[in-house]
Amino acid sequence: KNQVEQSPQSLIILEGKNCTLQCNYTVSPFSNLRWYKQDTGRGPVSLTIMTFSENTKSNGRYTATLDADTKQSSLHITASQLSDSASYICVVTGTGNTPLVFGKGTRLSVIA
Amino acid sequence: NAGVTQTPKFRVLKTGQSMTLLCAQDMNHEYMYWYRQDPGMGLRLIHYSVGEGTTAKGEVPDGYNVSRLKKQNFLLGLESAAPSQTSVYFCASYGYGYTFGSGTRLTVV
């Protein structure tokens, strides 16, 4: 069964610190992996998208990595800000008409 | 450029009532989707459409119907609401990437 597992479920960090969120998937065949940020009460907003040939992609303070061999991805947030408090969702797409497979998300809280 | 707009944002229904959720996109996207998001679960696909006049079932279609009479609109209907349909509903459209609406919080009592 196609699945996306994220860890940790929740995380609390101090403002200014770095953190890394993990995503493991079993979707096959694989097409691409996306990281989304979802603020409370809002829809998900895309941060990065990576295909199987890409190992890393950055978007400002967000850097995503992908290891297609081990089917793992990570999202690293540098110098966290209070506005980074949100849920971060890993989404994997298979080839063809395979629908998106969503992880349950990691709830990040950045505190002063 | 509004992107994806969902209406209403909030709604409370009594069991057995019906309602329609509207999703509108102004990006001329062919693909549109309806998801539900429940606590502790990832977004789950209810129905989707690959173009005007077409619809297809997703992962959790029971109790819902959809229509795509116009390319820019994708309607999600609940004919007889049940408490199990209490959820946050998200519409999305796909062009070069996915764009999500801000959600509709539905409570069925």
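Remember, it's a predicted structure, so these values are computed and weren't measured experimentally.

**Q** Explanation requested: the state of the cysteines in the structure shown.
**A** Two cysteines joined by a covalent bond between their sulfur atoms form a disulfide. Residues and elements named next belong to chain B. Counted by the stated rule, this structure contains 2 disulfides over all chains. The disulfide partner of Cys-23 is Cys-91, and the gap between their sulfur atoms is 1.8 Å. Around the S-S axis, the bridge from Cys-23 to Cys-91 shows a dihedral of about -75° and counts as left-handed. One end of the pair, Cys-23, is in strand E3 (residues 19-25); the other, Cys-91, is in strand E9 (residues 87-94), and 68 residues separate them in sequence.

**Q** Just to check I follow, could you spell out a nonpolar patch on the surface for this structure?
**A** Taken together, the side chains of A:Ile12, A:Leu14 and A:Ile111 define a hydrophobic patch exposed on the protein surface, amounting to about 290 Å² of accessible area. For A:Ile111, the position within the fold is in strand E11 (residues 106-111).

**Q** Where do I start with the packing of aromatic side chains in this structure?
**A** For any two aromatic rings, the description comes down to two numbers: the centre-to-centre distance and the angle of the planes. Evaluation of the coordinates by the stated rule reveals 12 aromatic pairs over all chains. Arranged with centres 6.1 Å apart and planes meeting at 45°, the rings of A:Tyr62 and A:Tyr88 form a pair that is tilted. Residue A:Tyr62 is found in strand E7 (residues 62-67), and its partner A:Tyr88 is found in strand E9 (residues 86-94); the two are separated by 26 residues along the sequence. Across the pair, A:Tyr88 and A:Tyr62 agree in class, each one buried. Residues B:Tyr64 and B:Tyr89 carry aromatic rings whose centres are separated by 5.8 Å and whose planes lie at 65° to one another, so their mutual orientation is edge-to-face.

**Q** What should I look at first to understand the nonpolar core in this one?
**A** When a protein is soluble and globular, its nonpolar side chains tend to lie buried together. Counting residues in each nonpolar core, the largest one holds 24 residues, and the members touching the most others are A:Val4, A:Tyr25, A:Leu33, A:Trp35, A:Leu75, A:Tyr88 and A:Val92. When contributions to this core are tallied by element, the ones reaching two or more residues are strand E3 (19-25), strand E4 (30-38), strand E5 (45-51), E7, strand E8 (72-77), E9 and E11 of chain A. In contact with A:Tyr88, other than residues within four places in its own chain, are A:Gln6, A:Leu21, A:Trp35, A:Tyr36, A:Lys37, A:Leu47, A:Tyr62, A:Leu75, A:Ile77, A:Gly105, A:Thr106 and A:Leu108. Listed in part, the 18 residues of the second largest apolar core include B:Cys23, B:Trp34, B:Ile46 and B:Leu76.

Criteria and thresholds
- Residues numbered from 1 in each chain as written.
- Chains lettered and ligands numbered in written order.
- Predicted model: local features only at pLDDT ≥ 70, side-chain atom pairs only at ≥ 80, totals over all residues.
- Heavy atoms only, no water.
- Disulfide = S-S within 2.5 Å.
- Helix = DSSP H or I, 4+ residues; strand = E, 2+ residues; numbered from the N terminus.
- Patch = residues over 30% accessible without salt bridge, like charges linked within 9 Å, V, L, I, M, F, W, Y side chains within 5 Å.
- Areas by Shrake-Rupley, 256 points an atom, 1.4 Å probe, with all protein chains shown as cover.
- Salt bridge = Lys/Arg side-chain N within 4 Å of Asp/Glu carboxyl O.
- Phe/Tyr/Trp six-rings, centres within 6.5 Å; stacked < 30°, edge-to-face > 60°.
- Buried < 20%, exposed > 50% of the residue type's maximum accessible area, 1.4 Å probe, protein only.
- Core = buried A, V, L, I, M, F, W, Y, C linked by side-chain atoms within 4.5 Å.
- Contact = heavy atoms within 4.5 Å.

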